[in-house]
Amino acid sequence: MIEILTPAQVDRARRTGALVADILQSLRERSAVGTNLLDLDLWTAEMIREAGAESCYVDYAPSFGSGPFAHYVCTSVNDAVLHGRPRDLALRDGDLLTLDLAVRLDGVAADSAISFLVGESRPAESVALIETTRTALDAGIAAAGPGARIGDLSHAIGTVLRSAGYPINMQFGGHGIGTTMHQDPHVSNDGRPGRGYQLRPGLLLALEPWIMVDTDELVTDEDGWTLRSATGCRTAHSEHTIAITEDGVEILTLPTSSR
């Protein structure tokens with residue numbers, strides 16, 4: 001289903017997006033050496049509840065997962081890149097942590113992900129990996145707007161990832177979003193320009209370039225959810241929810257402090 005939101009719904013999506021971004025910012029500030037992933041999940045649950053919102057993850061049970069996700073935030077560390085299920089793990093200096101969060105507020109969802117390094121260590125390869133996903137995300141957003149096609153966004157994202165020398169996995173990518181978290185159209189992280197669905201005002205998209213250093217193959221962890229690089233290499237993931245407007249595009253998942 002491709003859902004076109006009303007102006008009132010898009011306005012509600014702005015509030016949802018700000019909430020998602022503010023929670024992620026708070027979690028990043030709390031993600032220190034020694035922080036346990038289960039504590040991050042607990043803090044997320046508290047912030048969602050205090051905002052009067054609801055989690056898009058707790059009861060989420062798609063075909064690619066093993067039963068309900070049963071947690072509030074995805075916590076992917078180092079070689080984990082997607083759907084990282086929180087577990088009893090304390091963060092170490094130099095860990096590459098990805099936090100992915102989707103919530104629904106007033107009937108409209110928003111989805112965002114950030115990758116960053118914990119502690120003081122800054123391995124050059126990890127810094128480059130994170131920055132490439134951010135640059136690719138910016139390129140995808142810049143290609144969006146009324147009249148653009150999905151393939152334009154995919155091509156812009158893929159051009160950045162390929163130019164940096166990273167393999168691209170096409171199993172998972174961005175997606176439509178609205179009153180539910182995952183909708184059509186699918187937005188691959190590579191593609192051909194001028195192809196696919198034509199963007200219209202009121203369409204919300206979650207764009208999410210993600211990469212692994214030296215492989216495009218994923219393996220599923222024993223928890224039935226966490227997806228890891230097949231070679232054990234590090235990974236990174238950046239995501240924003242955007243709205244197509246009459247004038248162009250608006251990033252919805254920016255922190256309140258950045259607005």
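This text follows the structure it describes.
In this report, we go over the structure that sits alongside the text. Nothing here was measured: the structure is a model prediction, and the numbers come from that model. (Residues numbered from 1 in each chain as written. Predicted model: local features only at pLDDT ≥ 70, side-chain atom pairs only at ≥ 80, totals over all residues. Heavy atoms only, no water.)

### Quick notes on the packing of aromatic side chains
Phase 1: For the structure shown, the criterion picks out 6 aromatic pairs.
Phase 2: For the pair tyrosine 57 and phenylalanine 69, a centre-to-centre distance of 5.8 Å together with 65 degrees between the ring planes defines the contact as edge-to-face. Of this pair, tyrosine 57 sits in the loop between strand 1 (54–55) and strand 2 (74–77) while phenylalanine 69 sits in the loop between strand 1 and strand 2, placing them 12 residues apart in sequence. Phenylalanine 69 carries the same exposure label as tyrosine 57, and that label is buried.
Phase 3: With 6.4 Å between their ring centres and 70 degrees between their planes, tyrosine 60 and phenylalanine 64 make a pair best called edge-to-face.
Phase 4: The exposure class assigned to tyrosine 60 is partly exposed, which follows from its relative accessible area of 21%.
Phase 5: Clustering of aromatic rings is evident, with ring pairs tying together Tyr57, Tyr60, Phe64, Phe69, Phe172 and Trp225.
Phase 6: The cationic tip of arginine 30 hangs over the ring face of tryptophan 43; the distance from NZ or CZ to the ring centre is 4.9 Å. (Phe/Tyr/Trp six-rings, centres within 6.5 Å; stacked < 30°, edge-to-face > 60°. Helix = DSSP H or I, 4+ residues; strand = E, 2+ residues; numbered from the N terminus. Buried < 20%, exposed > 50% of the residue type's maximum accessible area, 1.4 Å probe, protein only. Lys NZ or Arg CZ within 6 Å of the ring centre and 35° of its normal.)

### Some words on the environment of leucine 5
Phase 1: Along the chain, leucine 5 falls in the segment before helix 1 (7–30).
Phase 2: Once the C-alpha coordinates of leucine 5 and aspartate 100 are considered, the two residues, 95 residues apart in sequence, prove to be 23 Å apart.
Phase 3: Beyond its immediate chain neighbours, meaning those up to four positions away, leucine 5 contacts Val10, Val108, Gly178, Gly202 and Leu204. (Contact = heavy atoms within 4.5 Å.)

### A closer look at the pattern of salt bridges
Phase 1: Overall, the coordinates contain 10 salt bridges when judged by the stated rule.
Phase 2: The shortest N-O distance in the salt bridge between arginine 228 and aspartate 79 comes to 2.8 Å. Note that arginine 228 is positioned in strand 11 (residues 227–229) and aspartate 79 in the loop between strand 2 and strand 3 (80–82), a separation of 149 residues in sequence.
Phase 3: Between aspartate 190 and arginine 162 there is a salt bridge, with its nearest N and O atoms 3.0 Å apart. Here aspartate 190, found in the loop between strand 7 (183–187) and strand 8 (204–207), pairs with arginine 162, found in helix 4 (residues 150–163); they are 28 residues apart in sequence, far enough to count as distant.
Phase 4: Overall, the relative accessible area of 41% leaves arginine 162 in the partly exposed class. (Salt bridge = Lys/Arg side-chain N within 4 Å of Asp/Glu carboxyl O.)

### Some remarks on the packing of helix 3 (residues 124–142) against helix 4
Axis angle and axis distance: for two packed helices, these are the angle between their axes and the distance between the axes, and together they describe the pair.
Phase 1: Their axes nearest at 8 Å, the elements helix 3 and helix 4 cross at an angle of 155 degrees. Classified by the angle their axes make, helix 3 and helix 4 are roughly antiparallel. Of the two possible hands of crossing, helix 3 and helix 4 adopt the one that is right-handed. Residue-level inspection shows Thr132, Thr135, Ala136, Ala139 and Gly140 of helix 3 in contact with helix 4, the latter providing Leu153, Ala156, Ile157, Val160 and Leu161.
Phase 2: Here the residues of the contact of helix 3 with helix 4 are counted per class, giving 7 nonpolar, 3 polar and no charged. (Axes fitted to C-alpha atoms, helices over the stretch in contact; angles between N-to-C directions. Parallel < 35°, antiparallel > 145°, perpendicular 65-115°, else oblique. Left-handed = near helix turned anticlockwise from the far one by under 90°. Nonpolar A, V, L, I, M, F, W, Y, C, P; charged D, E, K, R; others polar.)

### Points about unusual backbone geometry
Phase 1: Here the amide bond leading from aspartate 184 into proline 185 is cis, since omega sits at 5 degrees, within 30 degrees of zero.
Phase 2: Note that proline 185 resides in strand 7.
Phase 3: Despite not being glycine, alanine 70 shows a phi value in the positive range, around 70 degrees.
Phase 4: By the element assignment, alanine 70 lies in the loop between strand 1 and strand 2.
Phase 5: In the Ramachandran plot, asparagine 78 falls in the positive-phi region, its phi being about 60 degrees despite a non-glycine side chain.
Phase 6: Tracing the backbone through its elements, the reader meets asparagine 78 in the loop between strand 2 and strand 3.

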